[in-house]
Amino acid sequence: MSLEDHVEELASDLDVNKEEVKRDLENLVNYSVPMDEAKQSLRRKYGDGGGGGSGPSSKAIDEVSTDDSNVTVTAVVLTSGRRSIQYNGDEHVIREGELADETGAISYTAWDGFEGDLNPGQTVQFGNAGVREWDGKPELNLGESTDATAVDETLDIDAAVGGEADLRDLEPGDRGITVDVQVLECETKTIDGRNGETDILSGVLGDETGRLPFTDWEPHAEIEVGASVRIEETFVREFRGAPSVNISEFSAVTPLSERISVAEDAPRMSVEDAVESGGQFDVELVGNVIQIRDGSGLIERCPECGRVVQSGQCRSHGAVEGEDDLRTKAILDDGTATVTLILDDDLTTEIYGGGLAEAREHARDAMDKSVVADRIAERVVGREYVVRGSLSVDEYGANLNASEFEESTADPAERAKALLSEVEA
Ligand SMILES: [Zn+2]
C-alpha cells in the first residue's frame, strides 16, 4: 500500500479531512515511526478506538517478534539515554535504552510524543508499544499512543540496572551507559557540524579492563588528559569495526577523587576470536608470520592523501610525484585464523634494520625496490611474534595496525599449554 492508500483508508474510516490526515501521517512516517504505529496513533487522535477496544496483547519480552505491530509489555527499565536528532530542521530529543523482564531484554526508542518516565530500576507496564525491526531484532517504539504505567512489582531479571559498564563489555548500540575511566589521550578537532564549524574532543579512555576511543560532541571541560572521571549517559557506536564511546550534551561528567587504574596490557585473543568479534581497538595476538604481502618495503605515497601510489598513479589524485615511505604488510597465522598486520615506518625500520636512506641505497644498488621487502621477509617469515594493535574487520579483510611487534620469547611448549587451558576454560 502506498502512503496515499493509507491516507484514503484512514480518512474514510475516521471521517476526517484527507489533507489533515496526510500531513499527520507523513510527519510520523518521516520521523521513522512505523506505518502501523503511525496509523494507530492517528486513529487515537481522531477518536477511533483502533479496533473495538481490544488492545494489543500482553507479551513476555522473548515472545515479541518483528511480526508484531503492537504489544503490551511489563518490564524493568535497565537504561535510559537521551539523544537529539534532527528532523525537518527541528531538533527532537529521543530516549533510548533497554528493558528487561524474566524472559529477556529488548531495546527501545521513546519518541518525543511519549509521555512517561523511564527511570532505571522502575517496573513499567507499556501499553500499546509499537514494534519495529532494528538490526534484525525487534525493538519497541514508545510513542504518543503508548501508555506507560509505573507498576509496584519486582521482576526477577537477569540483567544489571543502570548501565554501569566496564569498557571491555561495551558493544555498538549500547545506550544510557555509565563508565568510570581515565582519559588517556584527548585532542580538540574542528568539524563541519549541523550548525557550521564546531569543536569536538576525541581521544582514548581506559579502565582496568581495556581502552576505547571516544568522541565528545559537546566538549566537557572535565575531560582532559590524566583526569579520572565518571561519564553518565553515553552511547556506543562502531568506529572502524570497534566500539567507540560517544559523549553528548546530555552526558554528565564528574571528576573522581580516586584515580582509575588502567590495564597495561591489551587483552590477548586468538586471531579467530578477535576477527569474529568484528574489531578490537586494542588487542594482543601471538602467531607466526607466514608471508610478506605486496606493497611492503620501500613504497611511494601520494603527497595529497597518503595513499600508496602504484606506477605513479594515486587512486584519487591521478599522476602524482610519490613520496618514499617504509611499510610492511605481513600475514600472521596462529593456527585458528590469519590476519594482515600493518607495520608503520618505525616498526618496519626495526625489522629491516635500516631507515629510508638505507632502503633507498639498497634499492639503488640492486636496481630493484623489491630487495627491501625481500630482506624483511627473510628476517621475519617463519618466526613467532607477539603483536599489539588496533584490529579492523571490513570488506577489505581483517587488518591489524600494529603499535608493538616483538619476537615471541615464550617457550613453544609453554605457549601450547597456555592455549590449551584457554580452550578448556
Ligand atoms: Zn592521493
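Cut-offs and rules
Residues numbered from 1 in each chain as written. Predicted model: local features only at pLDDT ≥ 70, side-chain atom pairs only at ≥ 80, totals over all residues. Axes fitted to C-alpha atoms, helices over the stretch in contact; angles between N-to-C directions. Helix = DSSP H or I, 4+ residues; strand = E, 2+ residues; numbered from the N terminus. Parallel < 35°, antiparallel > 145°, perpendicular 65-115°, else oblique. Left-handed = near helix turned anticlockwise from the far one by under 90°. Contact = placed C-beta atoms within 7 Å. Nonpolar A, V, L, I, M, F, W, Y, C, P; charged D, E, K, R; others polar. Domains from an automatic or database assignment. Pairing = 2+ DSSP bridges. Core = buried A, V, L, I, M, F, W, Y, C linked by C-beta atoms within 7 Å. Buried ≥ 20, exposed ≤ 12 C-beta atoms within 10 Å, placed from the backbone.

Caption draft 1: Layout of the packing of helix 2 (residues 18-30) against helix 3 (residues 35-45). Axis separation between helix 2 and helix 3 bottoms out at 9 Å; the angle between their running directions is 140 degrees. In terms of axis orientation, helix 2 runs oblique to helix 3. The handedness of the crossing between helix 2 and helix 3 comes out as right-handed. Contact residues: helix 2 offers Val21, Asp24, Leu25, Leu28 and Val29, while helix 3 offers Met35, Ala38, Ser41 and Leu42. Residues that form the contact of helix 2 with helix 3 fall into these classes: 7 nonpolar, 1 polar and 1 charged.

Caption draft 2: Examining the domain arrangement of the chain more closely. When the domains of the chain are assigned, the result is domain 1 (3-45), domain 2 (61-150), domain 3 (167-255) and domain 4 (271-424). On a C-alpha basis, the centroid separation for the pair domain 1 and domain 2 is 21 Å.

Caption draft 3: Here's a closer look at the pairing of strand 6 (residues 137-142). Across 3 bridges, strand 4 (residues 104-110) lies against strand 6 in parallel orientation. Each bridged residue has a counterpart across the sheet, and for tyrosine 108 the counterpart in strand 6 is leucine 140. Note: strand 5 (residues 123-134) against strand 6, 5 bridges, orientation antiparallel. Bridge pairing links tryptophan 134 to lysine 137 in strand 6.

Caption draft 4: Structural context of the nonpolar core. With 33 residues, the main nonpolar core has Leu285, Leu332, Val339, Leu341, Val387, Leu400 and Ala402 as its most contacted residues. Those residues within four positions of leucine 341 in sequence are excluded, and the remaining contacts are Ala330, Leu332, Val387, Leu400 and Ala402. In this structure, Val7, Leu10, Val21 and Ala129 belong to the second largest nonpolar core, which totals 31 residues.

Caption draft 5: Local environment of the packing of helix 1 (residues 3-14) against helix 2. Here helix 1 crosses helix 2 at 130 degrees, and the two axes come no closer than 9 Å. Compared by their axis directions, helix 1 and helix 2 come out oblique. Crossing handedness for the pair helix 1 and helix 2: right-handed. Contacts from Leu3, His6, Val7, Leu10 and Ala11 of helix 1 reach helix 2 at Lys18, Val21, Lys22, Leu25, Glu26 and Val29. Here the contact of helix 1 with helix 2 is built from residues that sort into 7 nonpolar, 1 polar and 3 charged.

Caption draft 6: Local environment of the pairing of strand 9 (residues 196-207). Here strand 8 (residues 177-193) runs beside strand 9; their pairing, made up of 11 bridges, is antiparallel. Across the sheet, residue glutamine 182 finds its bridge partner in strand 9, namely glycine 206. Here strand 8 folds back onto strand 9 in antiparallel fashion, the turn holding 2 residues. For strand 9 and strand 10 (residues 210-216), the ladder comprises 7 bridges, and the chain directions are antiparallel. Looking across to strand 10, one finds that leucine 205 is bridged to leucine 212.

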